[in-house]
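# Coordinates in review
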Amino acid sequence: MHARRRPVPRPRPPPGVGGTSREQVRASPSCRCPGARSAGASRRCRWHRGAGVGGHVTSMTPTRSAARSRGVIDAAPRPAYGRAVISRATVVGAGVVGLAMARGLERLGCDVTVLERATAPRQDGAGLTLWPNALSALDTIDAGEEVRAIGEPVRRAMVLRDSGRPLTELPITALTQQYGPLFAVLRSDLTRTLAEGLHAPVHYGVDVTVVGGQALVDGRPPDTELLIGADGIESTVRRTFLRGVRPRASGQFAARGVARTGAATPVMITESWGRGLRFGMVGLQHGLTYWFAATGTREAAENLPDTFALWHAPIADVLAAPQLGGTPVLPLLELPKLRTWHNGLSTVLIGDAAHAMTPNLGQGAAQGLEDVAVLLAELQRLPLPQALIAYERRRKRRAEQMAARSRLVGTLAQGAHPMLAALRDGLAPLTPRNVMAHQLSAMLRG
Ligand SMILES: Cc1cc2nc3c(=O)[nH]c(=O)nc-3n(C[C@H](O)[C@H](O)[C@H](O)COP(=O)(O)OP(=O)(O)OC[C@H]3O[C@@H](n4cnc5c(N)ncnc54)[C@H](O)[C@@H]3O)c2cc1C
C-alpha cells in the first residue's frame with residue numbers, strides 16, 4: 001500500500017541545533033497523567049512537581065516504531081531547523097493543532113509543556129480529510145511523512161444526489177499532480193502519531209482555568225514565556241484577553257462515525273446532497289468507511305437510519321454496520337471573527353480557539369496547521385510581541401475567508417428550500433472542471 005505513494009516534494013529544513021533530550025525524574029503520586037501512572041513510582045510529572053524540571057518518559061508505541069522500521073521517519077530526533085526567540089512555551093490543548101505546535105516548538109529547541117483537560121488521549125472524532133495545505137504545514141514540522149504513512153491517499157471525490165445520480169466530480173487528479181495527494185486519516189491515529197513524535201510529555205487531566213483574566217494551572221499562573229491556546233472552540237485561554245466571545249450555531253447538526261463495512265473500496269469520497277440533508281462517505285482501506293451526516297435538526301441526526309432510509313446505497317448498510325466508536329450528534333458551531341488572536345504580550349490563539357469554522361470545506365484542522373507553520377516561522381524571525389503581531393497579520397484574514405467560504409458551501413450544499421436545491425443541482429454539473437480546479441487551488445495556496 002505505502003510503496004505506491006509518491007512522497008510530495010517538500011522544503012528541507014536547514015540543519016541547526018539538536019532536539020530536546022528526555023529526562024527521567026521521580027514520580028508524584030498525585031499526578032494524573034497516564035505517563036506518570038504507566039511509568040510507575042520511578043518517574044514524575046514535570047507539571048505536577050512544578051514547571052521547569054524533568055518530565056514523563058513515554059515509550060514508543062507500535063505505529064511510530066513501525067514507521068521507523070519502514071524508514072518513513074528517522075530513528076533519532078532530527079536536528080531542529082532554527083531557534084525560537086523563546087525557550088519555554090506552554091500549549092493548552094492536545095488536539096491536532098496543539099500537538100503539532102508542541103512538536104514544532106521542540107524542533108526549535110524550546111522546552112514545551114502540553115496541558116490537556118481530557119484524562120486520556122481522545123479516541124473520538126472519527127475521520128478527517130487532510131488537504132495538501134494541511135500536509136505541507138505538517139512537513140514544516142517534519143511530521144508530514146508520518147501522517148502520510150497512517151493515512152490513505154484519496155483517489156476520487158464525487159458529489160451525488162440523494163438518489164445516487166452523480167452531480168459533479170472534483171478534479172482530484174489534477175490537484176494531486178500540482179499539490180500532492182489529499183489524505184484520509186482516522187483522527188485518533190493522527191493525534192496518536194503527533195503525540196508519539198513529541199519528546200515532552202502531554203499532561204492529561206489538567207484543566208486550565210481563568211480567574212480575573214489570568215490563566216491558572218492547578219491554581220497558579222503557568223511559568224512560561226508564551227502561553228498558546230490550542231484549546232478549541234470554547235477556548236479558556238481566549239477568555240484571558242477577549243470577553244464575551246460566543247460560538248454561534250450554523251443551524252446544522254452532524255453525526256459521524258467509522259463503520260466496519262468490510263468493503264474493499266478504493267479511497268474515494270462521496271458527498272450526497274438532498275434537501276436539508278447531506279451524507280458523506282470516505283471509503284478507507286481495511287474495510288472501514290468514515291461517514292458523516294449533516295442535518296437541519298437534532299432529531300434527524302439522532303435517527304439516521306430513518307432520516308436516510310430512502311437514500312442511495314450503500315448508506316443504509318454503512319449506518320447498519322458495526323461502528324468503531326460512538327456516533328455522537330453535535331451542533332455545527334463556528335466562531336465569529338475575533339478582534340485579535342493575541343494579547344500583545346505573551347498569549348496567543350491557534351486552531352479552533354482562533355477561528356473554528358463549519359466543516360463544509362474540510363479545512364478546519366488544515367487552517368490550524370497553517371497557523372502552526374506561520375507562528376513557528378515568526379517565532380524564529382522576530383522577538384515576542386512582534387512575532388505574534390506578524391503571525392496574526394499573515395493568518396487572520398485567510399482563516400476568516402475560509403470560514404466564510406465554508407459557511408457558504410454549507411448553505412448551498414444543504415439547501416432545504418426546493419428552489420435553492422434545484423438551482424444547486426442544476427448548476428453543479430455545469431461548473432467546468434477548470435473553474436473547480438481554480439477554486440480549489442485558491443483554497444490550497446493560501
Ligand atoms: C463533523 C466535523 C468534521 C470535520 N472534518 C474535518 C476535515 O475533514 N478536515 C479538517 O481539516 N478539519 C475538519 N474538521 C475541523 C477539525 O475537526 C477542527 O478544526 C480541529 O479538530 C481543531 O483542532 P484544535 O486542536 O484546534 O482543537 P480541538 O480538536 O478542539 O482540541 C482542543 C483540545 O483542547 C482541550 N482543552 C479545551 N479546554 C481546555 C482547558 N481549559 N484546559 C486544558 N485543555 C483544554 C480539549 O480537551 C481538546 O483536546 C471537522 C470538524 C467537524 C465538527
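Please refer to the structure higher up on the page.
Residues numbered from 1 in each chain as written. Predicted model: local features only at pLDDT ≥ 70, side-chain atom pairs only at ≥ 80, totals over all residues.

The next point concerns the overall build of the protein chain. For the protein chain, the count of helices and strands is 16 helices and 17 strands. When burial is assessed residue by residue, the protein chain has 47% of its 446 residues classed as buried. Taking the contacts inside the protein chain whose residues are at least 6 apart along the sequence as the reference set, 74% of them involve residues at least 24 apart. (Helix = DSSP H or I, 4+ residues; strand = E, 2+ residues; numbered from the N terminus. Buried ≥ 20, exposed ≤ 12 C-beta atoms within 10 Å, placed from the backbone. Contact = placed C-beta atoms within 7 Å.)

In terms of burial, helix α8 (residues 187-196) is a largely internal element, seven of the 10 residues being buried. Every buried residue belonging to α8 is among R187, L190, T191, T193, L194, A195 and E196, and all of these are buried.

Looking now at the nonpolar core. Counting 106 residues, the largest nonpolar core has A100, M101, L130, I228, I350, L369 and V372 as the members making the most contacts within it. With nine residues, helix α13 (residues 364-381) is the largest single contributor of residues to this core. Not counting residues up to four positions away in its chain, the partners in contact with L369 are V97, A100, A134, A137 and L138. (Core = buried A, V, L, I, M, F, W, Y, C linked by C-beta atoms within 7 Å.)

All right, on to the site of the ligand then. Taken together, 33 residues sit near the ligand, with G93, G95, G232, G351 and G364 positioned nearest. For the shell around the ligand, the secondary-structure elements that each account for two or more residues are α4 (96-107), β2 (111-116), β3 (127-130), β12 (248-260) and α13. A per-element tally of the shell around the ligand places α13 first, with four residues. Looking at side-chain class alone, the shell around the ligand contains 15 nonpolar, 11 polar and seven charged residues. (Near = placed C-beta within 6 Å. Nonpolar A, V, L, I, M, F, W, Y, C, P; charged D, E, K, R; others polar.)

Note: β12 against strand β16 (residues 329-334), five bridges, orientation antiparallel. Residue A255 lies in a different strand from β16, and its bridge partner there is V329. Note that β12 and strand β15 (residues 288-295) share eight bridges and pair antiparallel. Its bridge partner being in β15, A255 is matched across the sheet by A293. (Pairing = 2+ DSSP bridges.)

So, about unusual backbone geometry. Here the amide bond leading from A313 into P314 is cis, since omega sits at 5°, within 30 degrees of zero. Assignment of secondary structure puts P314 in the loop between α10 (304-307) and α11 (315-320). Although it is not a glycine, D218 adopts a positive phi angle of roughly 50°. Exposure remark for D218: the 14 C-beta atoms within 10 Å place this residue in the partly exposed category.

Of note, L227 is situated in strand β11 (residues 226-229). For L227, a count of 25 C-beta atoms within 10 Å translates into the label buried. With 114 residues separating them in the primary sequence, L227 and T113 have C-alpha atoms 9.7 Å apart.

At a minimum axis distance of 9 Å, the contact between α4 and α13 shows a crossing angle of 20°. Taken together, α4 and α13 sit at an angle that is classed as roughly parallel. Considering only the axes of α4 and α13, their crossing is right-handed. Along its contact with α4, which presents V96, V97, A100, M101 and G104, the element α13 presents A365, G368, L369, D371, V372 and L376. Here the contact of α4 with α13 is composed, by residue class, of eight nonpolar, two polar and one charged. (Axes fitted to C-alpha atoms, helices over the stretch in contact; angles between N-to-C directions. Parallel < 35°, antiparallel > 145°, perpendicular 65-115°, else oblique. Left-handed = near helix turned anticlockwise from the far one by under 90°.)

All right, on to the sheet that holds β3 then. The strands that make up a sheet pair up through hydrogen bonds in the backbone, lying either parallel or antiparallel. Across the sheet, three strands lie side by side as β3-β7-β4; this open sheet has antiparallel pairing. Two strands in the sheet have a free side with no partner beyond their single neighbour: β3 and β4 (152-153). Two strands pair when backbone bridges link them, and β3 and strand β7 (residues 183-186) are joined in this way by four bridges, in the antiparallel orientation. Looking at the pairing, L130 lines up with F183 of β7.

A few words now on the sheet that holds β15. One open sheet accounts for seven strands, arranged β6-β5-β13-β14-β15-β12-β16; its pairing is mixed. Of all strands in the sheet, those bounded by a partner on one side alone are β6 (166-169) and β16. Shown here is a sheet whose adjacent strand axes are inclined to one another by a mean of 25°, direction ignored. In this sheet, strand β14 (residues 278-283) lies alongside strand β13 (residues 268-273) in antiparallel orientation, the contact comprising five bridges. Note on β14: the bridge partner recorded for E271 is G280. Its contacts with the sheet put helix α14 (residues 384-413) on β12, β13, β14 and β16, and the angle it makes with β12 is roughly 75°.

Summarising burial for β2: five of the six residues are buried, a large majority. Pairing geometry for strand β1 (residues 88-92) and β2, over five bridges, is parallel. What sits directly across from T90, in β2, is T113. The parallel pair β1 and β2 is bridged by α4, and the resulting crossover is right-handed. Note that β2 and strand β8 (residues 202-204) share three bridges and pair parallel. (Right-handed = clockwise from strand over helix to strand, strands pointing away.)

Its place among the elements puts L423 in helix α15 (residues 418-427). Among the residues examined, L423 registers 13 C-beta atoms within 10 Å and is labelled partly exposed.

Looking now at α14. Given a rise of 1.5 Å per residue, 30 residues ought to cover 44 Å, and the 42 Å separating the end C-alpha atoms of α14 matches this to within 8%. The largest bend along α14 reaches roughly 35° and is located at R395. Three or more residues of α14 are buried, namely A387, L388, Y391, E392, R395, A399, M402, A403, S406, G410 and A413. (Expected span 1.5 Å × (residues − 1). Bend = angle between axes of the 7 residues up to and from the residue.)

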